Amino acid sequence: MLAEIGQFALVIACMLSLLQTVYPLYGIYARQQNAIESAKILTILQFFFVAVSFAILSYLFLVNDFTVTYIATNSNSALPWYYRLSAVWGAHEGSLLLWVLLLSLWSTAVAVMSKRLPIESIARVLAVLGLLSLGFYLFVLLTSNPFLRTLPYFPVDGRDLNPLLQDIGLILHPPMLYMGYVGFSVAFAFAIAALMEGRLDSAWAKWSRPWTMAAWVFLTVGIALGSWWAYYELGWGGWWFWDPVENASFMPWIAGTALIHSLAVSEKRGVFKSWTVLLAISAFSLSLLGTFLVRSGILVSVHAFASDPARGLFILAFLILIIGGSLLLYAVQAPKVKSRGRYRLFSRETMLLTNNILLIAALIVVLLGTLLPLVHKEIGLGSISIGEPFFNSMFSILVVPFALFLGVAPLVRWKRQNIKELFKPLLHSLFISTAITLIFLYSFASHFTWLALMGVFLGFWVLSTTCYELCLRATHRFSLFTGLTKLGYSHWAMSIGHAGFAVMIIGITMTQNYSIERDVKLAVGDHIAFEHYDFHFDAVNDLQGKNYTGSVGVFTIKKDDQYVATMKPEKRIYTVQRMPMTEAAINAGVTRDLYIAMGEMLPDGAWAVRIYYKPFIRWIWFGPLMMGFAGILMMLDRRYRVKKSDEEEA
Amino acid sequence: MANTRKIIALSVPLLLFLVVCFFLFKGLYTDPRKLDSALIGQPVPEFTLQDIYDENKQYDASIFKGKKMLLNVWATWCPTCYAEHKFLNQLAGQDIYIVGMNYKDERKKAIRWLTDLKDPYKISLFDKDGMLGMDLGVYGAPETFFIDSKGIIQYRHVGDLNARIWEDELAELYNGMQ
Amino acid sequence: MRNLTLTLCLFLSVFSSATFAASAIDTFEFESIEQEQVFHDLTKVLRCPKCQNQNISDSNAELAKDLRNKTYELVKEGKTQDEVVDYMVARFGNFVRYDPPITPATIFLWLGPLLFILFGFLVLYKQAKNKNRKEDELDSNEAIRLKKILKQETK
C-alpha cells in the first residue's frame, strides 16, 4: 500500500510541476499577479510531494519490503541499515528519484531565498525549473518507476546491493555529485529567464553567481569524493580513469569553472554577457548529456547503469527539447545583448577570457574524446578507444598555458594594465617558484623527469604568484597583517581556490611521475623493499564479517629500519552475490601513501600481492577541498555585498 | 543585416548540438561492444590444430581454401553457443559448409556436446589454448567468420546466429561471397 | 525464449561486474626492472575487448588474462612496446589500444581544441582592439540621448 502512496505522491508532484511551468507564465502573459505569485507556492508543494515519495521509498528499504522490485534487486535483509538507506540511490530508478528530489530542493531554495528579486523574474526562473522537473518526473514514471511491485511472487530476500557500493563513499558521493549537476539547473534557469525577458544585465550575473558557485562547490567536492572512493575501494589504486562516466561529470565541472569566472567579469564589468549565458546553458546541458551517456548504455563504461534503449530515447528527446530549445532561444535573443565597458588587450578581462578559452579547449578535448569513438564507428571507420594516454598528454599540454596565465591574472588590473609594472612581481615569483621547485624535487623525487619539473614548477608558480598578490594587496594601504585581515572574503576565495588548484597540480604530477606499482608473490615470512620502505608479510588470518567472509593479511612496514605501521589488506567474499572484493590497506601520509591489496592465493600457498607507493596522492583531493572551501567563502561574501557593492560602485 | 549575421554566428552551438544528437540517436541502436574484425580482407592466419575427435589428425590453414564457408567459434562453457547450435544444424542441412572451432574447452565435454546435439561441422578444430582464437582476435564465443573460397575473411558476426539475423543480413552476405 | 535471453543478460551483467570487483594481481617474473616497466605500461594502455571499459591490467576477465599472458610472452621475447601494441591491433583492431591512431576522424581530437584556441584568441584580440572605437560611439550616442533627456527636463 505504501509503495502505491509513494507513486501517487510522485504523480501529484509531476502534475504540480506542470502547473508550475504553465500557470506563472500565463500570469506574466495575462498580467495576473496571483498567477505569477503562485510559482513559489507550487514549487514548495511540488517539493513536499516528491519528498514524501522519496521518504516512502527510503522507509520501504529500511523495512526490507521485497515486494517492491527495485528493493528486491538492490537490497538485502543482512545489509546494515545505513547501507539499506544509501541503497535507495544505488541503482538507476532510485538515483533518478534522488535527482528529481534535489532538483525540486534547488527550486524551492530559489523560491524561498530570492526575496529581493522582482517576482516576475522569479516566476520565470521557477517556470523553467518546473519544466525540467516535469521532464524528469515523466521519465521516472514512464520508464523507471522505483515503486513497481514484484507481486504476486515476491522473493524472500533481496539480491543485495553491489558490494562495491557498500561504502561510506557511496553514501556521500552520488548526492553531492547530483547536487552539483542539478544545481547548474538554477544558473541555466536564470539564463533562460533572462533570455526570455530579453534583459541580460549585470543584475542577472549578480543573482546567478552565488547559485552557480553553490552548485560548483557541490560538484567539486562530489568529484573529489568519487575519485577518493575509486582510489581506496576499487583496489586499482587509481584516482582518475577517463572513463566516459567520469568524463560525464568532468565536463559540467569544466564548464562550471569557466562559468564562475566569466560571471565574475559579467557582473563586475558588464562584458562577455552573451558568452556567459552560453556557458550557463552549456554547464547544465552537459549535466543532462552526462545523464544520457550514463543511462543509455551508448558508451561502454565501468560504471554503467543497466541500460535500455527506451530510456535512452526518452532522455534524448528531452535533451533535444531542452538544450535545442534553449540554444535556439540563445541564437535569436543573444544578438540583442550589448556589451558595455571598455578594456584593453592586456587587462583582467582578457585574462579571464583567456582562462575561459583554455578551459573550453579542455572541455572540447574531453567531449571529443568521449563521443568520437561513437561517431567513428557510426561513420564506418571502425571501433576505437580513447583513453588515458590521449587525455593525459592533452591535459599536460593545456595545463601549461593555463597555469602560467592563472599565476599572472590576479595581478592584472581591470580595464588596462601597464605591462612594465608586472615585471618586478613576476620576476620575483619566477625566482621563488623555481627555487622551491628545485628544493622540492631534490627532497622528494627519486629521479629527474622533465614532466615532473614542469608540473611541480607550475604548481609553485601559481602558489607564489598567489601569495605575492595577497601580500601586494594587503600592504597596499596597511601593514601586512592588518592588510590581510581587511581583505574581503571573495578575495580570499580567489586566492585559496587558486592555491587549491596548485596543490592539485603538484599532487597529480608527483603521483603520475613517481608512483611505484609492484605485483609480487609473497609467502608468509617474506619481505620486499623499495623507496626506503620494507614490507614484511607476517601472517594471513581468517575474516568473518556481517555479510561476508574472507582472509586478512598482516604486513609490518618499516622505513629505514624504523617501524611505520601495520597494514591489514582484506580479501572478502560477499555471501549473497558470491562476489570477491579487495579491501586494500592504505597507510596515508602527507607526502606519500602506501597501499597493499591482496590478490589470489597461489597453489604453493604464497599470495599474489599488489603494493603501491604513491607520493603526494592526498594533495589531489586536498586541492579540490580547498577549492570547495574557497567557493563557500565567496558565497559568504555575498551577504555583505548589498551594502558594500554600493560603495564600490560609487 | 549585421543582426542576421550575428544570429547565424550564434546558431553555431545549436547546429553542433544537433549534429551530436544525430550521432547519439544512431548510437542508441548500435551495440558499442560489437567490434568489427581486424582481419577482414586478410587470409585466415597460419595454424596447426588437432581434430576434436582424433588427436592424431592435424589441420592447417589450407582447409579454408577451395570453397566459401563459415568458421564458427564455440565452447561448451558458453550458454549462447547452446542457443545457436540448433540453427547451425539447420544451416548445415542447407548445404552450408561450416568449420567448427572449439575454443578453450575440454575435449571430452566438447565431443559429448557434439554427439548429443548433432554435429553441424564438416571439420572440427580443437583450440584448447586459444592460440588460433588469439590470432583471429576472438573476444567472446560464439563468433562466426565468413570466409570466401580464396580463404579470405570477409565478415565476422559476434553473438549467436539465428534465423532472424540470418535472413535479415547474413544470408545475402553469404550468397554474395565468391 | 525472451525470458531465456533475459536471464542470460542478467547472468552476464552480474558476471561482468564480478570480474571488475577484484582486480587482477599476477606474479610474473622479469629479467629486469625495465622489462617489468614495459609490461606494466602495456597492460595499462591495452584495452580488454570483452569487458566494460577496462585495461587488461585491471580486468579479471578470462580474455584479459590471456592478453596479459600474451603480452608477458612477447615482452619476454624482447619485443618493444610498439611491437606489442601492433601485434594486438593486428588481431583485435584499434579498439584494443587506448591511444587512438590518427585517422581522418580522430585528427579532430587534436585539431578541434587547437582551432578553438586560435579562434578564441582571434576573437579576443579583435574585441579588445575594436571595442574602444565601437564603445566610444555607443557612449556618444548615449550621451546625446542623455543630453536630450536633460534638455527635456529643463524645458
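Scroll up for the structure.
Quick notes on the rules
- Every chain is numbered independently, its residues counted from 1 as its sequence is written.
- Working convention: letters from A go to chains and numbers from 1 go to ligands, in the order in which they are written.
- Only residues with pLDDT of 70 or above have their local features reported here, since the model is predicted, and side-chain atom pairs are shown and tallied only from 80 upward, although totals for entire chains, interfaces and linings are computed over all residues.
- With hydrogens and water set aside, each side-chain value is computed from the structure's full complement of heavy atoms.
- Here, two residues are considered to be in contact whenever any of their heavy atoms come within 4.5 Å of each other.
- The term buried area denotes the loss of accessible surface (1.4 Å probe radius) that occurs when two parts are joined, taken as the sum for both partners.
- Here, a salt bridge means any Lys or Arg side-chain nitrogen found within 4 Å of an Asp or Glu carboxyl oxygen.
- Each polar contact in these results corresponds to two N or O atoms within 3.5 Å; when the atoms are within protein, one needs to be able to donate a hydrogen and the other to accept it, and residues that are neighboring in sequence are counted only if both atoms are side-chain atoms.
- By the criteria applied, helices consist of DSSP H or I runs no shorter than four residues and strands consist of E runs no shorter than two, each listed in order from the N terminus.
- Each Phe, Tyr or Trp ring (for Trp, its six-membered ring) is paired with any other whose centre lies within 6.5 Å, and the angle between the two planes then decides the class: stacked below 30 degrees, edge-to-face above 60, tilted in between.
- Residue exposure (1.4 Å probe, protein chains only): buried if accessible area is under 20% of the type maximum, exposed if over 50%, otherwise partly exposed.
- Only Lys NZ and Arg CZ are tested; either one counts as a charge over a ring when it is within 6 Å of the ring centre and within 35 degrees of the ring normal.
- Note that a disulfide, as used here, is simply two cysteine sulfur atoms within 2.5 Å.
- Using a 1 Å grid laid over the protein atoms alone, points where a 1.4 Å probe fits but cannot get out form a cavity; open sets with protein on both sides within 12 Å along at least 5 of 7 lines form a pocket; any residue with an atom within 4 Å of a point counts as lining.
- Grid points are joined across faces, edges and corners, and a volume is the space filled by probe spheres set on the points.
- Residues are sorted three ways: Asp, Glu, Lys and Arg are charged, Ala, Val, Leu, Ile, Met, Phe, Trp, Tyr, Cys and Pro are nonpolar, and all the rest, Gly among them, are polar.
- We call two strands paired when DSSP finds no fewer than two bridges between them.
- Axis lines are fitted through C-alpha atoms, for helices just across the contact stretch, and the angle between N-to-C directions can take any value from 0 to 180 degrees.
- The patches reported here contain residues having more than 30% relative accessible area and no salt bridge. Joining distances are 9 Å for like charges and 5 Å for nonpolar side chains (Val, Leu, Ile, Met, Phe, Trp, Tyr).
- For the accessible areas, the method is Shrake-Rupley and the probe is 1.4 Å, while residue cover comes only from the protein chains on display.

1. Points about the interface of chain C and chain A
Right, so step 1: Every contact between the two is made by 54 residues of chain C and, on the other side, 62 residues of chain A.
Right, so step 2: In this assembly, chain C packs against chain A so that about 4900 Å² is buried in total across both faces, 65% of it on carbon and sulfur atoms.
Right, so step 3: Our count for the contact surface shared by chain C and chain A stands at two salt bridges.
Right, so step 4: As a salt-bridge pair, C:Glu36 and A:Arg518 come within 3.1 Å of each other at their nearest N and O atoms.
Right, so step 5: At the junction of chain C and chain A, the tally comes to nine residue pairs in polar contact (both at pLDDT 80 or more).
Right, so step 6: The biggest single contributor to the side of chain C that touches chain A is helix α5 (residues 107–154) of chain C, with 21 residues.

2. Points about the packing of aromatic side chains
Right, so step 1: As enumerated under the stated definition, the model contains 57 aromatic pairs over all chains in all.
Right, so step 2: Geometrically, the ring pair formed by A:Phe250 and A:Phe395 is tilted, given 5.9 Å between the ring centres and 40° between the ring planes. Here A:Phe250 is found in helix α9 (residues 244–269), whereas its partner A:Phe395 is found in helix α13 (residues 388–408), with 145 residues between them in sequence. An identical accessibility class is assigned to A:Phe250 and A:Phe395; each is buried.
Right, so step 3: A cation over an aromatic ring shows up here: A:Lys614 above the ring of A:Tyr612, its NZ or CZ 5.0 Å from the ring centre.
Right, so step 4: Here the basic side chain of B:Lys68 rests over the ring of B:Tyr174, its NZ or CZ set 4.8 Å away from the ring centre.

3. Some thoughts on the state of the cysteines
Right, so step 1: This structure, assessed with the given rule, holds one disulfide over all chains.
Right, so step 2: Here B:Cys78 connects covalently by a disulfide to B:Cys81, the sulfurs 2.2 Å from one another. Taking the torsion about the S-S bond as the criterion, the B:Cys78 to B:Cys81 disulfide, at about 90°, is right-handed.
Right, so step 3: On the accessibility criterion, B:Cys78 (2% relative accessible area) is buried.
Right, so step 4: No disulfide involves A:Cys471; its nearest neighbouring cysteine sulfur is the one of A:Cys467, lying 6.7 Å away.
Right, so step 5: The partly exposed category is assigned to A:Cys471, whose relative accessible area is 35%.

4. Topic: the pattern of salt bridges
Right, so step 1: Per the stated rule, a full pass over the model turns up 28 salt bridges over all chains.
Right, so step 2: Salt-bridge contacts for A:Arg209 lead to A:Glu267; the nearest nitrogen and oxygen are separated by 2.5 Å. Placement of A:Arg209 in helix α8 (residues 202–233) and of A:Glu267 in helix α9 is noted, with a sequence separation of 58 residues between them.
Right, so step 3: Residue classification places A:Arg209 among the buried positions, given a relative accessible area of 10%.
Right, so step 4: Here A:Glu267 falls in the buried class, since its relative accessible area comes to 11%.
Right, so step 5: Close ionic contact of B:Glu106 with B:Lys109 constitutes a salt bridge, the shortest N to O distance being 3.9 Å.
Right, so step 6: The exposure class of B:Glu106 is partly exposed, given its relative accessible area of 45%.
Right, so step 7: A single salt-bridge network, built from bridges that share partners, covers A:Arg31, A:Glu120, A:Arg124 and A:Glu197.

5. As for empty space enclosed by the protein
Gaps between atoms show up when a probe of the same size as a water molecule is rolled over them.
Right, so step 1: On inspection of all chains with the given rule, the structure shows five cavities of 30 Å³ or more.
Right, so step 2: Lining the largest cavity are 22 residues; nearest its centre among them are A:Leu299, A:Val300, A:Pro373, A:Ile384 and C:Arg47.
Right, so step 3: Sorting the residues of the lining of the largest cavity by element identifies α9 and α12 (348–378) of chain A as the ones contributing at least two each.
Right, so step 4: Here the lining of the largest cavity takes six residues from α12(A), the largest share from any one element.
Right, so step 5: Its residues placed into classes, the lining of the largest cavity shows 11 nonpolar, eight polar and three charged.
Right, so step 6: For the second largest cavity, the calculated volume is near 200 Å³.
Right, so step 7: Lining the second largest cavity are 16 residues, and of these A:Asp519, A:Arg610, C:Asp26, C:Phe39 and C:His40 lie nearest its centre.

6. Overview of the sheet that holds strand β1 (residues 516–522) of chain A
Residue and element names in this part refer to chain A.
Right, so step 1: Read across the sheet, four strands follow the order β1-β10-β9-β8 without closing on themselves; strand pairing throughout is antiparallel. Of all the strands in the sheet, just β1 and β8 (585–587) have a single pairing partner and so form its edges. Going from strand to strand, the sheet's axes swing by 20° on average, the running direction of each strand aside.
Right, so step 2: In the sheet, β8 pairs with strand β9 (residues 592–601) via three bridges, with the strands oriented antiparallel. Within the sheet, the bridge partner assigned to asparagine 587 lies in β9 and is leucine 594.

7. Notes on a nonpolar patch on the surface
Residues and elements named next belong to chain A.
Right, so step 1: A contiguous nonpolar patch, built from Met1, Leu2, Ile5, Tyr59, Leu62, Val63, Trp81 and Tyr82 and spanning about 790 Å² of accessible area, is present on the exposed surface.
Right, so step 2: For the nonpolar patch, the elements supplying multiple residues, two or more each, are α1 (2–30), α2 (33–62) and α4 (81–86).
Right, so step 3: Along the polypeptide, tyrosine 82 turns up in helix α4.

8. A closer look at unusual backbone geometry
Right, so step 1: Following B:Ala141, the chain continues into B:Pro142 via a peptide bond in cis, with omega recorded as -5°.
Right, so step 2: Secondary-structure assignment places B:Pro142 in the loop between α5 (131–136) and β6 (143–147).
Right, so step 3: Phi angles above zero are rare outside glycine, and A:Glu531 is one such case at about 50°.
Right, so step 4: By the element assignment, A:Glu531 lies in the loop between β2 (527–530) and β3 (533–544).
Right, so step 5: Look at B:Asp95: it is not a glycine, yet its phi comes out positive at around 65°.
Right, so step 6: Checked against the element boundaries, B:Asp95 lands in the loop between α3 (79–93) and β4 (98–103).

9. Re the interface of chain A and chain B
Right, so step 1: With 33 residues of chain A at the interface, the matching set in chain B holds 24 residues.
Right, so step 2: Summed over both partners, the interface of chain A with chain B comes to about 2400 Å²; 77% of that surface belongs to carbon and sulfur atoms.
Right, so step 3: Where chain A meets chain B, there are one salt bridge.
Right, so step 4: B:Lys26 is paired through a salt bridge with A:Glu378; the nearest N and O atoms lie 4.0 Å apart.
Right, so step 5: Where chain A packs against chain B, one counts three residue pairs in polar contact (both at pLDDT 80 or more).
Right, so step 6: Contributions of two or more residues to the side of chain A that touches chain B are made by α10 (273–296), α11 (309–333) and α12 of chain A.
Right, so step 7: Sort the elements by how many residues they give to the side of chain A that touches chain B and α11(A) lands first, with 13 residues.
Right, so step 8: Class assignment for the residues of the side of chain A that touches chain B results in 25 nonpolar, six polar and two charged.

10. Considerations on the sheet that holds β6(B)
Residues and elements named next belong to chain B.
Right, so step 1: Strand order in the open sheet formed by seven strands is β2-β1-β5-β4-β3-β6-β7, and the pairing between neighbours is mixed. The sheet terminates laterally at β2 (58–60) and β7 (153–158), the two strands that pair on one side only. Between one strand axis and the next, the sheet turns by 30° as a mean value, whatever way the strands run.
Right, so step 2: In this fold α3 packs onto β3 (69–74) and β4, with an angle of close to 160° to the strand it touches most, β3.

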